[in-house]
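Summary of the model geometry
These are the residues of each chain, in order.
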4 protein chains.
Amino acid sequence: MSIRVGIVGISGFGGGEALRLIAAHPAFELVYAAGEGSAGSRLVERFPGVPAKLAGLLIEKWDPEALPPLDVLFASLPTGASAEALARVPETVKIVDIGGDHRYADGWAYGLADVWPEQIAGRSRIANPGCFPAATLNTLAPLLAHGLIAPGNIVIDAKTGISGAGRGGGDSRFGFAESNENLQPYGLLKHVHMPEIATTIERLSGGSADGLVFTPHLVPMTRGVLVTIYCRGSASTEQCLGAARAFYADRPFVRVTDRPPQTKWATGSNLSFVSYAADPARKLVIAMGVVDNLGKGAAGHAVQNANLICGLPETAGLDGAPVWP
Amino acid sequence: MSIRVGIVGISGFGGGEALRLIAAHPAFELVYAAGEGSAGSRLVERFPGVPAKLAGLLIEKWDPEALPPLDVLFASLPTGASAEALARVPETVKIVDIGGDHRYADGWAYGLADVWPEQIAGRSRIANPGCFPAATLNTLAPLLAHGLIAPGNIVIDAKTGISGAGRGGGDSRFGFAESNENLQPYGLLKHVHMPEIATTIERLSGGSADGLVFTPHLVPMTRGVLVTIYCRGSASTEQCLGAARAFYADRPFVRVTDRPPQTKWATGSNLSFVSYAADPARKLVIAMGVVDNLGKGAAGHAVQNANLICGLPETAGLDGAPVWP
Amino acid sequence: MSIRVGIVGISGFGGGEALRLIAAHPAFELVYAAGEGSAGSRLVERFPGVPAKLAGLLIEKWDPEALPPLDVLFASLPTGASAEALARVPETVKIVDIGGDHRYADGWAYGLADVWPEQIAGRSRIANPGCFPAATLNTLAPLLAHGLIAPGNIVIDAKTGISGAGRGGGDSRFGFAESNENLQPYGLLKHVHMPEIATTIERLSGGSADGLVFTPHLVPMTRGVLVTIYCRGSASTEQCLGAARAFYADRPFVRVTDRPPQTKWATGSNLSFVSYAADPARKLVIAMGVVDNLGKGAAGHAVQNANLICGLPETAGLDGAPVWP
Amino acid sequence: MSIRVGIVGISGFGGGEALRLIAAHPAFELVYAAGEGSAGSRLVERFPGVPAKLAGLLIEKWDPEALPPLDVLFASLPTGASAEALARVPETVKIVDIGGDHRYADGWAYGLADVWPEQIAGRSRIANPGCFPAATLNTLAPLLAHGLIAPGNIVIDAKTGISGAGRGGGDSRFGFAESNENLQPYGLLKHVHMPEIATTIERLSGGSADGLVFTPHLVPMTRGVLVTIYCRGSASTEQCLGAARAFYADRPFVRVTDRPPQTKWATGSNLSFVSYAADPARKLVIAMGVVDNLGKGAAGHAVQNANLICGLPETAGLDGAPVWP
């Protein structure tokens, strides 16, 4: 028996990736797609390579009160655009919100699926973590849970491919000619992802995340997030790797590697790579994490969360290897 | 019951893509991998994102006489390296040769699967078309078969991403710093793919491919082939599109589009996009074709051929949507 | 004594490149800059690396009737935006129009400077060739002038970096995520540059340019134009190269090379590279040309034209080597 | 009267950029070029766009005892290859060593030209700083000199374009297909540039650089270095900016900007951009610096040093604006 799913925000990159993953999912059947810029088109007009079975599906104008019967709705709307609208979706429809409006909001579970799967199963409103938080928190969770690093004064130097900025209105800053061969720091000391990271660090550690620093950079590539995180702690590299291997022993999507991870290892997948390099003499731990910002950073994580809330195997539709090169 | 398959040439890009597709294939079980540069490593050391079930498989040194029991062998060896070696593979092992040594060779079927599936089913030695020929011939086949263009004096202006040059020994011409922001014609009037294209044009048309011109270009992108083909013929755009739609009506991987295809439409998939723009007053037909050089141009086509010779559904393991963006 | 120059269209890529070249020019002094999007800013706010002497220059709102005293105005306005406005510029101000409105217009010289310098010197209204025409015509001129190819049925397969599409309003088609790793044909059978190419072919050859085909492609790189041109003629490769070497013997910017030119050879320069590969048995000549679309394809060519009309050495301010890698 | 200069290491990227800058220099005349891979070729064969006056210069095999009469030699050799060979260059030839062998070596001045020009003028053996050190030290110098940050526990998260890895032997890790769309940390806790950075921090501050952390990353772009540096100090953003503006008030190449610098601002130039964002409540200063790794990070800095030791204006040949976009 198939599970009826819908996507709102199909015109954006997160919605497009959700479409790709759902089209290949063994249990999900896409019956509804809505999008601002593409309403009135058939899916194949916007996604020329969409599987034939979905080619003719009409993209609707988004109206939360005019949905067809749905089991799960994936919402990939700009920040600020989903809170009010998703409140009007019927209770019977489970929602995974890929956008940022419901993270740590009342009534919503924070869907950090590799770390807290048990807090997700059985819920019907899931706030998907942001791309930087997903990479960061998967990397830090084992260290914080084992007390190997202090929760305060963590410095996160974060780098993302340009699809992380969203498809937007075609801001010329994200135009090819201006962003290719360019590397751009932005949002210093005030990025929107900081509260979600700080709250989770505190829940994982039981301590205060005071002094958290988060500096994002735009990298001239389409996909990929790498976080390089500087922490205080006296653990050795081997202790950190060991803690992570134990922490993720039964989790299917997190890979602990000896060498520093590269963004291309994750492209097109829901994988999360973590590694560590420590210098106990300096009480320094460098933690590194890689995800695909549209995979574990958005649609892949969302499908994983949907699998959990639907009682499906967590890896359903998500077991493809990354695309390389 | 699973079909036991092996890959030789796992260190190269074609072999790596075969690994990705086989790992996700519902009927194929990878039991053997061999490669020059990576012999002695486990798969996970070379492919950090490989599915867990294959992570520990040892990459062997290639020896055609020391194979485990296999149903199908995918060979992705450099041109010149496969003819002698594959002759020593036992008869009972079906072979799909992704490399160039057996195209139109005795005893080998030419695996142009979207056009001639019936010539492939039942065979045990398949020569996979090259990446430029796959894109070109899928695009021209409907026009040649319907007599809409002349087989002579066809001009193919071909463009490929840099993975098409192979992983090689790290030739600095293919280094990032020298090939990024660069566009390079090469191999003028003598590319290795010309004979295979000419022979197929003649088989499709029954006429002579005299005057064929083929000019390849290296484009600063990893994957993707686009061919822009200038032909003589008095058909209209609509007649060309109609002929292609009829020709591929029951074929799962070829998409006929009204607008000019873009390489990114095919990335990571086995799809082939074709389109046409004609000016009957000038007796001109411009035919355009797009494939992923590692998909339909190599490993995707190979899996399609393997499906055909194993009596599986042609789309088994190949129905994923392209990766976008 | 310095020559007082102005730029209108400083916000665009062509205007920005004119600024870079003029800033380094030994005789030109920039005294006026105007631009739509950046009026009210100082130059350094838009161009953080602009030489200190120009940093404080205020970008004005464009008003052709409120110009300061100027000797030369470089106009880099969108097609359609310059014809009416430039008519209101005082007669005493020489104009080089980088935009498309005045090519082969009454009263304007067509500024194909490497081929027809003598038609430019002494004039005061110059229409700069487009980027594709500059690359194409420099490549074909020696062959047409020597009668080595027929003027009819020429097929131009043209490729440009994405800055060639202009900075525009940030069309998402030119966004990094959608255009990186993508190769896109466009404008089939109807590109705006065709008339200018056809007219020039006819002037150079004295024959008809009937049957001209021009197919542009967007390549995922910032700068660079390559044209691959298929012509009918029975000359040998050596005859073509020899004709070009003779034709450009005293011209400073055109380089005739034995091997196929690459776009990166020209980056940041006003150079034009041409080469040829012929097959007399098939009466085929493949002519290849490379320019930087913002150099010889726009601002470099414009400065060369301005040098000619001001009686300066043609290479003034233009003798820098290309940027490599 | 011209100054006779030579380049050894012309086949590499640093040597190639030195060629470009010297070719445009008003006082330098290139009379000697040597290179491993290209000995026996004319310059134009390796650099198709080289100015005509240099096109025919023969690239020699490097022999420090068979030099023509030279005033200055630019050496751009791999680390480890220059110490012994440069000792055999006659005393009368001034040397700027772009390679790493002589930084803080006896008899050699450390050529941090924007900070310590007076220590360079009058010397005849200059060790050019590495690309990461140049970006880092220009950024930190004003803060350290004014005591606005502590010299200990500085964390440098460094990012470089791939030309920073050198042209090398074509290591496939730097191949386009593997490094495009990839972001790679490397050399954790042990990068070769650390001692030079630590020593300079100590000289600037008079304190200890204990606890220095340096993490380099390879970014998929050709040129550009960005360092994001996390320091302890209670200065405000305005105090940091003010200190840098005062420190560099009379220096021509360092630009202090309010907004975070981007690598593309510096491409092709000898400029160095610095900016700061501080949070006094957390005693945190984030210092950011951008250079072109082949400009201020190699050949541009070298020409600046050569200007200083030759008594020329420091900006001779270096006043070109960056290439944008």
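Residues numbered from 1 in each chain as written. Chains lettered and ligands numbered in written order. Predicted model: local features only at pLDDT ≥ 70, side-chain atom pairs only at ≥ 80, totals over all residues. Heavy atoms only, no water.

The secondary structure content of chain A amounts to eight helices and 14 strands. On C-alpha atoms alone, chain A measures out to a radius of gyration of 19 Å, which is about the 20 Å that the 2.2 N^0.38 rule sets for 325 residues. With the principal axes as the frame, chain A shows a C-alpha extent of 60 × 45 × 35 Å. Restricting the contact set of chain A to residue pairs at least 6 apart, pairs at least 24 apart contribute 70%. For chain A, the exposed surface amounts to about 10,300 Å²; the carbon and sulfur share of it is 51%. A gap of 4 Å separates the mean positions of the 26 positive and 29 negative side-chain charges of chain A. (Helix = DSSP H or I, 4+ residues; strand = E, 2+ residues; numbered from the N terminus. Rg over C-alpha atoms; globule rule 2.2 N^0.38 Å. Contact = heavy atoms within 4.5 Å. Areas by Shrake-Rupley, 256 points an atom, 1.4 Å probe, with all protein chains shown as cover. Lys, Arg positive; Asp, Glu negative; His and termini not counted. Charge placed at Lys NZ, Arg CZ, Asp CG, Glu CD.)

This part covers the domain arrangement of chain A. Residue and element names in this part refer to chain A. Each domain of chain A was delimited in the assignment, giving domain 1 (3-129 + 297-310) and domain 2 (131-293). The centre of domain 1, based on its C-alpha atoms, is set 25 Å off from the matching centre of domain 2. In this assembly, 20 residues from domain 1 lie in contact with 26 residues from domain 2. Of all residues in domain 1, Phe 13, Tyr 104 and Asp 114 give up the largest surface area on contact with domain 2, accounting jointly for 31% of the area buried on that side. The partner of Glu 17 in a salt bridge is Arg 223, and the shortest N-O contact between them spans 2.7 Å. Joining domain 1 to domain 2, the criterion identifies 13 residue pairs in polar contact (both at pLDDT 80 or more). (Domains from an automatic or database assignment. Buried area = accessible area lost by both parts, 1.4 Å probe. Salt bridge = Lys/Arg side-chain N within 4 Å of Asp/Glu carboxyl O. Polar contact = N/O pair within 3.5 Å; in protein donor to acceptor, adjacent residues only side chain to side chain.)

Below, the discussion takes up the packing of helix 1 (residues 13-23) of chain C against helix 8 (residues 295-310) of chain C. Residue and element names in this part refer to chain C. Relative orientation of the contacting elements helix 1 and helix 8 amounts to 45°, with a least axis distance of 8 Å. What the angle tells us is that helix 1 and helix 8 run oblique. Where helix 1 crosses over helix 8, the two elements pack in a sense that is right-handed. Here helix 1 contributes Gly 14, Glu 17, Ala 18 and Leu 21 to the contact with helix 8, which in turn contributes Ala 299, Gly 300 and Val 303. (Axes fitted to C-alpha atoms, helices over the stretch in contact; angles between N-to-C directions. Parallel < 35°, antiparallel > 145°, perpendicular 65-115°, else oblique. Left-handed = near helix turned anticlockwise from the far one by under 90°.)

The omega torsion across Trp324(A) and Pro325(A) is -5°, close enough to zero to call that bond cis. Assignment of secondary structure puts Pro325(A) in the segment after helix 8 (295-310). Despite not being glycine, Asn153(C) has its phi angle at roughly 60°, a positive value. Looking at where Asn153(C) falls in the secondary structure, it is placed in the loop between helix 4 (131-145) and strand 8 (155-160). Located in the positive-phi region is Lys283(D), a residue other than glycine, with phi close to 55°. In this fold, Lys283(D) is placed in the loop between strand 12 (272-279) and strand 13 (284-291).

A full pass over the atoms with the stated rule returns 30 aromatic pairs over all chains. Ring geometry for Phe47(A) against Trp324(B): centres 5.7 Å apart, planes inclined by 90°, an arrangement best described as edge-to-face. Residue Phe47(A) is found in the loop between helix 2 (43-46) and strand 3 (59-60), and its partner Trp324(B) is found in the segment after helix 8 (295-309); the two belong to separate chains. Judged by relative accessible area, Phe47(A) falls into the buried class, the value being 11%. Residue class for Trp324(B) comes out buried when judged on its relative accessible area of 18%. Between the aromatic rings of Trp265(C) and Phe273(C), the centroid separation amounts to 5.4 Å while the plane-to-plane angle is 70°, which identifies the pairing as edge-to-face. On the accessibility criterion, Trp265(C) (9% relative accessible area) is buried. (Phe/Tyr/Trp six-rings, centres within 6.5 Å; stacked < 30°, edge-to-face > 60°. Buried < 20%, exposed > 50% of the residue type's maximum accessible area, 1.4 Å probe, protein only.)

What follows deals with the relation of the copies chain D and chain A. Least-squares fitting of chain D to chain A yields an RMSD of 0.0 Å, with the superposition described by an axial translation of 0.0 Å and a rotation of 180°. The symmetry that links the two subunits is that of a two-fold axis. No C-alpha of chain D lies nearer the rotation axis than that of Pro220(D), which sits 3.3 Å from it. Here 100% of the interface residues in chain D have copies in chain A that are interface residues too; the copies meet face to matching face. (Least-squares fit on C-alpha atoms with pLDDT ≥ 70 in both.)

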